[in-house]
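# Coordinate analysis (summary)
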Amino acid sequence: MMVFIDHTNTSPGESNGAIQVSVSGGDAPYQLLLVSVPLADTKIFSTGEKFETTGLKAGKYQLHIRDQKNLTYSNEVIIE
């Protein structure tokens, strides 16, 4: 499984950061879990599709992706 992550930092005092994720390889569908304290959101997407979340505050976000065969990928994304 190959995972490509991009992010946009937020403007000072704003909540306009973003995280973009694209996955290829592995076995779709993929389950994506993006976690920040105290917010937790789960998204499901398939090969070829992209996941994007916007309106993020500055902080650390944990990204966890699992494919149909339970191959997992985890990473931390920091929005400044």
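Please refer to the structure placed before this passage.
Pairing is antiparallel in the open sheet, where 3 strands are placed in the order E1-E2-E5. Taken across any chain shown, the strands that pair with only one partner, and hence form the sheet edges, are strand E1 (2-8) and strand E5 (50-56). Adjacent strand axes in the sheet meet at a mean angle of 10°, parallel and antiparallel pairs treated alike. Here 6 bridges tie strand E2 (residues 17-24) to E5, and the two strands are oriented antiparallel to one another. Among the inter-strand pairings, Ser22 is bridged to a residue of E5, identified as Lys50.

On to the pattern of salt bridges, then. Under the definition given, this model contains 1 salt bridge. A salt bridge links Lys69 to Asp27, with the shortest nitrogen-to-oxygen separation between them at 3.4 Å. Separated by 42 residues along the polypeptide, Lys69 in the loop between strand E6 (59-66) and strand E7 (72-79) and Asp27 in the loop between E2 and strand E3 (30-35) bring together distant segments of the chain. Assessed through its relative accessible area of 66%, Lys69 is described here as exposed.

Next up on the list: the environment of Val35. Structurally, Val35 can be placed in strand E3. You can call Val35 partly exposed: its relative accessible area is 25%. Placed 26 residues apart in sequence, Val35 and Tyr61 show a C-alpha to C-alpha distance of 5.6 Å. Not counting residues within four places of it along the chain, the set of residues in contact with Val35 comprises Lys60, Tyr61 and Gln62.

Parameters at a glance
- Think of each chain on its own: its residues are numbered from 1, step by step along the sequence as written.
- The model is predicted, so local features are restricted to residues of pLDDT at least 70 and side-chain atom pairs to those at 80 or more, both for listing and for counting; the totals for chains, interfaces and linings are taken over all residues.
- Just so you know, side-chain values use all the structure's heavy atoms and leave hydrogens and water out.
- Two strands form a pair only when DSSP identifies at least two bridges running between them.
- Put simply, DSSP marks the helices as runs of H or I at least four residues long and the strands as runs of E at least two long, and each gets a number from the N terminus on.
- Under this scheme, a helix contributes an axis fitted over its contacting stretch, all axes are lines through C-alpha atoms, and angles between N-to-C directions fall in the 0 to 180 degree range.
- Salt bridges are identified by distance alone: a Lys or Arg side-chain nitrogen within 4 Å of an Asp or Glu carboxyl oxygen.
- The buried label applies to any residue whose accessible area, calculated with a 1.4 Å probe on protein chains only, is under 20% of its type's maximum; exposed applies above 50%, and partly exposed to all values in between.
- When checking whether two residues touch, look at their non-hydrogen atoms; a contact exists if any pair is within 4.5 Å.

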